[in-house]
Amino acid sequence: MRDAAPQTVYLKDYKPYGYIVEGVELTFRLAPRSTRVLSRIRFAPNPQASDERFFLHGEDLRLIRAAIDGEEITPRLVPGGLEADVPDAPFTFEAEVEISPETNTALEGLYMSPLDVGGSAAAGRESQQSNMSPLDVGGSAAAGRESQQKQAAMYCTQCEAEGFRKITYYPDRPDVMSTFKVRIEGDMPVMLSNGNKGASGPGFAEWHDPWPKPAYLFALVAGDLVAHPGSFTTRSGKPVELNIWVRPGDEDKCAFGMEALKKSMKWDEEVYGREYDLDIFNIVAVDDFNMGAMENKGLNIFNSSCVLASPETATDTNFERIEAIIAHEYFHNWTGNRITCRDWFQLCLKEGLTVFRDAQFTSDMRSAPVKRIHDVADLRARQFREDNGPLAHPVRPDSFVEINNFYTATVYEKGAELIGMLKRLVGDEAYYEALDLYFTRHDGEAATIEDWLKVFEDVTGRDLKRFKRWYTSAGTPRLKVTEKFKDGRYTLTFKQETPPTPGQPQKQPRVIPIAVGLLGPNGDEMVGTTMLEMTKRQQSFSWDGLASKPIPSILRDFSAPVILGREIENDERAFLLTHDTDPFNKWEAGQALRRDALSRMITQGAAPDSAFLDAAARVTRDDSLDPAFRALVLQPIPQDDLAQSLADAGHTPDPQAIFDATETMAQALAETLADSLPRLRETVRIDAPYQPDAEQAGKRALGQRLLAMLTRMDGGKAARAQFEASGNMTQSLGALSCLLVQELGTAENETFYKRWEHDRLVMDKWFALQVSTSAPAEAAARAEALTRHSLFDMKNPNRFRAVFGALAGHHAGFHHASGKGYTLLTDWLIKLDALNPQTTARMCTAFQTWKRYDAARQALIKGQLERIAATPDLSRDTREMVSRILEG
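Residues numbered from 1 in each chain as written. Predicted model: local features only at pLDDT ≥ 70, side-chain atom pairs only at ≥ 80, totals over all residues. Heavy atoms only, no water.

Bringing the overall build of the protein chain into the picture now. Looking only at helices and strands, the protein chain features 27 helices and 31 strands. Radius of gyration (C-alpha) of the protein chain: 28 Å, near the 29 Å computed for a compact globule of 888 residues. Along the longest, intermediate and shortest principal axes, the C-alpha atoms of the protein chain span 85 × 70 × 60 Å. Within the span of the protein chain, comprising 888 residues, buried residues form 59% of the whole. Considering only contacts within the protein chain whose residues lie at least 6 apart along the sequence, 72% involve residues at least 24 apart. Accessible surface, the protein chain as shown: approximately 33,300 Å² in total, 49% of it carbon and sulfur. (Helix = DSSP H or I, 4+ residues; strand = E, 2+ residues; numbered from the N terminus. Rg over C-alpha atoms; globule rule 2.2 N^0.38 Å. Buried < 20%, exposed > 50% of the residue type's maximum accessible area, 1.4 Å probe, protein only. Contact = heavy atoms within 4.5 Å. Areas by Shrake-Rupley, 256 points an atom, 1.4 Å probe, with all protein chains shown as cover.)

Take a look at the structure:
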């Protein structure tokens, strides 16, 4: 086995580390396959610890020498690290190790980007060249050139969660915090690390981070880079140097990211009172990166796709995502760096809180209702799916085998929902008072969920033991509602139930904030939004003195992450879509109408429901509504979401039937709105220069929905015209997508490819589009052909996800009855696991819903999962993930 025998780690077994780290000095002598790392670490016995064993983590290191207080020692090399006999008093441990960044394809620890281990930039492709025509495999006569002015490699790090142990021997755990001094020696023009700049000269650079941090926040970057500079002055008057470092040629894609950083810094001062605490803040764009970005203290490392943008190469969605991710990583400076997590079980403490903060930021920068709807749609698509299957786990897990497998939607997105619920329950004033206490009390510490809840208890006097169940219990509560109206009294009765999840068969009731408003028969609001607090398994709430039976608007703004069940007629849903004053519930009513109609089409062979079509058309034609909101009403329900709804209702979902019904509904909606489409498109036409702001983006979003419908009616005429005329990626890619969905646009597809084959980030979009717009029967074959494309590189996570993420996301294509999608993904996951276990394990989640399908599909998927499990030398990451999916 490549990894040591998997060992389960339990929260209950936590013990403080036996030693305090008083200071760290590191020297890096960079060389692609023989980097030397010299460490000098000052230790002192920890009086709070009972375990006196001196153990340092270390993996894939060649130990050259080790010493204690200047005297060389021969430490005991044990699985996962080393042990040594040490003095009872403070001492200095020194080590020199050798590592090979160039061959580190796992992208953890210190590695080089772009990867080029043993061959071409397209390493990992089948060696044979396709005999198909260039566009059959998505290529062109110039395929293979993708900037193949081959870029010089750069050194970079990724240490969260446990990557630092691949750099040198160290207590690689988040509760061990210390200051770092770093010296980098090498021939790279730019050499960066955490903290403030120290001495530098030909062949070296020194950095000092005065703020104690755990090793997972360590960062180093060295390469041929250029800076997009900026500056910021804190509210106390301190100047801060800002830089976004990129490869030569990417300088024109940095301006938006720099402005987003400045907005984030200003917003955190104004809303949370948090100032930046170093002299410099650096961001570096890296092409090969497993995640979106990393909040290393003072040196954020970003996946290039999450920071580089220009109107010509990035869509509105890209711009908004970049703004949010830059904010997220910056906000970690306080919620994650200054206060970190005691152990990895507390991961939700830093991630859930920071996701909530970046959602607040985006809401303030853009449209709060639209942001909320997007967030809930994403939560349902990813986290509810997780909560409903074999990978369900609490927001704070109580055990894990591989921590990398718990960077999940549950920890991040559901963790953020818990922060939002807490804020609703205690109120805004108490929330910010508690946050101030949190920052004051725990600055410089590694905290726990108990520490977090305690500051709210101390500020408000509330007992939050029941609320804590949200952190410790997996699963999504089902909230059933019944109503009664008599003699002017209206009563809603709620009953909560959470289905069993792996390892947790019994569930206790949770505290649920339920935002409710009451509407009159004419659409007027009889009772404004009221926050109900449910604490029991069943609970009733009443309103007196009402002249008529109201229509309730329940769970406004999606006040809790639950599944609401209430028997309701479509006439009432249409009423809420027309009259509800809460934007989320207005949208939700439209989704419920569409979902009900689609379910009857799939299970009963019904025709598209006129109630939905008419209601959606009314909203679409209502120019007083935000264009972005109208675009969301027109957005199709994800087919995977429909499959889960059918399974919940006791039906076995048929992916092809779901696809066919969705297409029929889309055609019916296009025909319903056909006469209005030209006028509506004219109302959202933008004559001003492109701006990625909320107003323009909303108009383009609605325009894209309208164009998709029009393309069904005009044979692609309008989409071709937009493709030719567009000067921005949003409308260019949008037009191409409309054409490809209708099996049109061969010439435009080739034009797009030839125009952008040199741009790696645009090519990621193109690769994904080829799969996502394929007919279900062709999706697997199209993905397989793309793996033989000269620009496909399995070792680049972005490119791998572009192809196989798109395949897994193509519900009817991936789950085609032939099983070809299952086999193809499995083939490539087995190949990738030997190179990048982290990305492989995360892609295995494509199989997590396998038990909801018919017996034939279950047998096919189970066979592929067992094939992965039987792979020799399978990584710990992938083995754990596959085992959980099979056993759950």
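Back to the write-up after that little detour.
Moving on to the environment of Ile339. In this structure, Ile339 sits in the loop between helix H2 (316-331) and strand S22 (340-341). On the basis of relative accessibility, which here comes to 2%, the residue Ile339 falls in the buried class. Along the backbone, Ile339 and Ala697 are 358 residues apart, and their C-alpha atoms lie at a distance of 36 Å. Residue contacts for Ile339: discarding those within four places in its chain leaves Trp334, Tyr438, Phe439, His442, Asp443, Glu445 and Ala447.

So, about the nonpolar core. Ranked by internal contacts, the top residues of the largest apolar core, which has 268 residues, are Trp452 and Phe467. The element that contributes the greatest number of residues to this core is helix H5 (residues 409-426), accounting for 9 residues. Beyond its immediate chain neighbours, meaning those up to four positions away, Trp452 contacts Leu349, Leu353, Ile419, Leu422, Leu435, Tyr438 and Tyr471. (Core = buried A, V, L, I, M, F, W, Y, C linked by side-chain atoms within 4.5 Å.)

The subject of this paragraph is the sheet that holds strand S6 (residues 71-72). The mixed open sheet is built from 8 strands, whose spatial order is S6-S5-S9-S3-S2-S12-S15-S14. Each end of this open sheet is capped by a strand with a single partner; those strands are S6 and strand S14 (196-201). Note that S14 and strand S15 (residues 204-213) share 4 bridges and pair antiparallel. The partner of Ser200 across the bridge, within S15, is Ala205. (Pairing = 2+ DSSP bridges.)

All chains considered together, the criterion is met by 52 aromatic pairs. Across from the ring centre of Tyr10, 4.9 Å away, lies the NZ or CZ of Lys12, which sits over that ring. Lying across the ring of Trp470, Arg510 places its NZ or CZ 4.8 Å from the centre. (Phe/Tyr/Trp six-rings, centres within 6.5 Å; stacked < 30°, edge-to-face > 60°. Lys NZ or Arg CZ within 6 Å of the ring centre and 35° of its normal.)

This next bit is on unusual backbone geometry. Keep in mind that most residues, glycine aside, have a negative phi and that most peptide bonds are trans. Of the consecutive residues Ser113 and Pro114, the connecting peptide bond is found in the cis state with omega at 5°. The topology assignment puts Pro114 in the loop between strand S10 (109-113) and strand S11 (154-158). Residue Ala161 follows Glu160 across a cis peptide bond; omega there is 5°. For Ala161, the position within the fold is in the loop between S11 and strand S12 (178-185). You will see that Leu107, though not glycine, has its phi angle at about 60°, which is positive. Examined against the element boundaries, Leu107 turns out to sit in the loop between strand S9 (91-99) and S10. For Leu107, a relative accessible area of 0% gives the class buried. Although it is not a glycine, Asp487 adopts a positive phi angle of roughly 55°. Examined against the element boundaries, Asp487 turns out to sit in the loop between strand S25 (478-486) and strand S26 (489-497).

On to the packing of helix H18 (residues 729-741) against helix H19 (residues 746-756). Helix-helix packing is described using two parameters, namely the angle between the two axes and the distance between the axes. Here H18 crosses H19 at 145°, and the two axes come no closer than 10 Å. As for the relative orientation of H18 and H19, their crossing is left-handed in sense. In this structure, H18 uses Met729, Ser732, Leu733, Leu736, Leu739 and Leu740 to contact H19, whose residues at the interface are Glu748, Asn749, Phe752, Arg755 and Trp756. Of the residues belonging to the contact of H18 with H19, the class tally is 7 nonpolar, 2 polar and 2 charged. (Axes fitted to C-alpha atoms, helices over the stretch in contact; angles between N-to-C directions. Left-handed = near helix turned anticlockwise from the far one by under 90°. Nonpolar A, V, L, I, M, F, W, Y, C, P; charged D, E, K, R; others polar.)

Tallying each qualifying case throughout the model produces 2 cavities of 30 Å³ or more. There is about 30 Å³ of room inside the second largest cavity. If you trace the second largest cavity, you find it lined by Trp211, Pro212, Lys213, Leu217, Lys297, Asn337 and Arg338. Split by residue class, the lining of the second largest cavity holds 3 nonpolar, 1 polar and 3 charged. (1 Å grid on protein atoms, 1.4 Å probe; cavity = no way out; pocket = protein on both sides within 12 Å on 5 of 7 lines; lining within 4 Å. Points joined across faces, edges and corners; volume = space filled by probe spheres on them.)

Next up on the list: the confidence of the model for the protein chain. Residue-level pLDDT values for the protein chain average 95, and 95% of them are 70 or greater. Confidence drops under a pLDDT of 50 for residues 117-135, and excluding neighbours within four residues, the segment shows 32 contacts in the predicted structure. Per-residue pLDDT stays below 50 along residues 138-149; that stretch engages in 30 contacts with residues further than four places along the chain or on separate chains. (pLDDT = per-residue confidence, 0-100.)

Reading across the sheet, the 3 strands line up as S4-S8-S7 and stay open at both edges, with antiparallel pairing between neighbours. For this open sheet the edge positions go to strand S4 (55-57) and strand S7 (76-78), each flanked by a neighbour on one side alone. Across the sheet, the mean angle separating the axes of adjacent strands is 25° when strand polarity is ignored.

Pairing between strand S2 (residues 19-29) and strand S3 (residues 35-45): 10 bridges, direction antiparallel. When the bridges of S3 are listed, Glu25 appears paired with Arg40. If you look at the hairpin formed by S2 and S3, you'll find 5 residues sitting between the two strands. Of the pairings in the sheet, the one linking S3 to S9 comprises 9 bridges and is antiparallel in character.

With that out of the way, let us pick up the side chain of Lys414. As for its placement among the helices and strands, Lys414 is situated in helix H5. By relative accessible area, which is 2% here, Lys414 ends up buried. Setting aside residues up to four positions removed in sequence, Lys414 forms contacts with Leu379, Gln383, Asp387, Val395, Ala409, Trp470, Ser473, Gly475 and Arg510.

Here we take up the pattern of salt bridges. Scanning the entire structure with this criterion turns up 77 salt bridges. Close ionic contact of Asp623 with Arg679 constitutes a salt bridge, the shortest N to O distance being 3.0 Å. Note that Asp623 is positioned in the loop between helix H11 (610-621) and helix H12 (627-634) and Arg679 in helix H15 (residues 677-683), a separation of 56 residues in sequence. By relative accessible area, which is 42% here, Asp623 ends up partly exposed. Judged by its relative accessible area of 39%, Arg679 is partly exposed. In this structure, the salt-bridge partner of Asp640 is Arg852, at a minimum N-O distance of 2.4 Å. Of this pair, Asp640 sits in helix H13 (residues 639-648) while Arg852 sits in the loop between helix H25 (837-843) and helix H26 (855-869), placing them 212 residues apart in sequence. Each member of the pair, Asp640 together with Arg852, is buried. (Salt bridge = Lys/Arg side-chain N within 4 Å of Asp/Glu carboxyl O.)

When you line up the elements, Phe93 lands in strand S9. Between the alpha carbons of Phe93 and Gly70 there is a distance of 8.2 Å; along the sequence they are 23 residues apart. Here Phe93 is in contact with Ser39, Arg40, Ile41, Phe43, Phe54, Leu56, Ala66, Ala67, Ile68, Ile73 and Leu82, once residues within four sequence places are set aside.

Attention now moves to H26. End to end, H26 covers 21 Å across 15 residues, agreeing with the expected 21 Å (1.5 Å per residue, within 8%). Buried within H26 we find Arg857, Ile861, Gln864, Leu865 and Ile868. Down the axis of H26, the smallest arc covering the buried residues is 100°, so these residues share one side. Across H26 from its buried face, at more than 90 degrees, point the exposed residues Ala855 and Ala859. Residues of H26 that are buried sit in contact with helix H14 (655-672), helix H24 (820-833) and helix H27 (876-887). One side-chain oxygen of the residue at the start of H26 lies 3.2 Å from the amide nitrogen of Ala856, identifying that residue as Asp854. (Expected span 1.5 Å × (residues − 1). Arc of directions from axis to C-beta. Polar contact = N/O pair within 3.5 Å; in protein donor to acceptor, adjacent residues only side chain to side chain.)

This part is about the side chain of Glu417. Counting through the fold element by element, Glu417 comes out in helix H5. Look at Glu417 and you get buried, because its relative accessible area is 7%. Other than its neighbours up to four places away in sequence, Glu417 contacts Arg372, Leu379, Phe558 and Pro561.

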